[in-house]
Amino acid sequence: MKSIDIKGQVREGLGKKESKKLRNEGKVPCVLYGGEEPIHFFATAGDFRPLVYSPDVYLINLEINGEVHSAIMQDVQFHPVEEQILHVDFLKTTEEKPVKIEVPIKVTGYAKGMRSGGKLKVNLRRLRVKALAKDLPDVINVDITKLGLGDSVKVGELELENIEFLNSKSVPVVSVIITRAARAAMGTAVAGNDDEEEATEE
């Protein structure tokens, strides 16, 4: 999995007043969980742009007052009106403890059903997985090559080494839905077959 570096400093004061002051200075209040005690710190708002405004998922090398922690972003809060990050929660990762995180999917191939007029529907853009940080993939590839009209790939059909999928196994990740055009084409084909059978009988 890709990684990104973020530098922060331990917060000297907590509370809404201090948080507002930090935001006015272009900083983001943050918390790192997963250690013996939560670490309250702040980082420059601009450092979060490649992390937050991206479909990619990153492991984060979080340097707080010179000490580096491996972490993942667990939650981010935005201002309801302005495009401003209000707060970010991080979860510390270790080599021994699995983490739960959402990983984006990447569709590969071209479905057979799409050649027959079907339309690809992506039901899940991300999948929730559980794994050790070292085993987390950048994306989860979903091959649709063999899908015909009305077929789908369900979560339970996906397999990745050392990865546990947490979404319901019966949920379709991608589907090839039958469009009106495809249904009409199928109807024409059936009608044509019937005509051929009648001609043969005569």
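Refer to the preceding data block for the structure.
In this report, the structure presented in the accompanying data block is examined.

The rules behind these values
- Residues numbered from 1 in each chain as written.
- Predicted model: local features only at pLDDT ≥ 70, side-chain atom pairs only at ≥ 80, totals over all residues.
- Heavy atoms only, no water.
- Core = buried A, V, L, I, M, F, W, Y, C linked by side-chain atoms within 4.5 Å.
- Buried < 20%, exposed > 50% of the residue type's maximum accessible area, 1.4 Å probe, protein only.
- Helix = DSSP H or I, 4+ residues; strand = E, 2+ residues; numbered from the N terminus.
- Domains from an automatic or database assignment.
- Contact = heavy atoms within 4.5 Å.
- 1 Å grid on protein atoms, 1.4 Å probe; cavity = no way out; pocket = protein on both sides within 12 Å on 5 of 7 lines; lining within 4 Å.
- Points joined across faces, edges and corners; volume = space filled by probe spheres on them.
- Nonpolar A, V, L, I, M, F, W, Y, C, P; charged D, E, K, R; others polar.

**A look at the nonpolar core**
Here is step 1 of the chain: Ranked by internal contacts, the top residues of the largest apolar core, which has 26 residues, are Leu 127, Val 129, Phe 165, Val 173 and Val 174.
Here is step 2 of the chain: Counting residues per element, the ones that place at least two in this core are β7 (99-108), β9 (126-131), β10 (140-143) and β13 (172-177).
Here is step 3 of the chain: In this structure, this core is formed jointly by two domains, domain 1 (2-93) and domain 2 (101-191), each of which donates at least three residues.
Here is step 4 of the chain: Discounting chain neighbours no more than four positions away, the residues touching Leu 127 are Ile 101, Glu 102, Val 103, Ile 105, Ile 140, Val 155, Leu 158, Phe 165, Asn 167 and Val 173.
Here is step 5 of the chain: Residues Ile 4, Leu 32, Leu 62 and Ile 64 belong to the second largest nonpolar core, which totals 18 residues.

**Brief notes about the layout of surface pockets**
Here is step 1 of the chain: The computed volume of the largest pocket comes to approximately 400 Å³.
Here is step 2 of the chain: Met 73, Gln 74, Ile 101, Glu 102 and Arg 126 are, among the 17 residues lining the largest pocket, the residues nearest its centre.
Here is step 3 of the chain: Per element, the largest residue contribution to the lining of the largest pocket is five residues, and it comes from strand β5 (residues 67-78).
Here is step 4 of the chain: Here the residues of the lining of the largest pocket sort into nine nonpolar, two polar and six charged.

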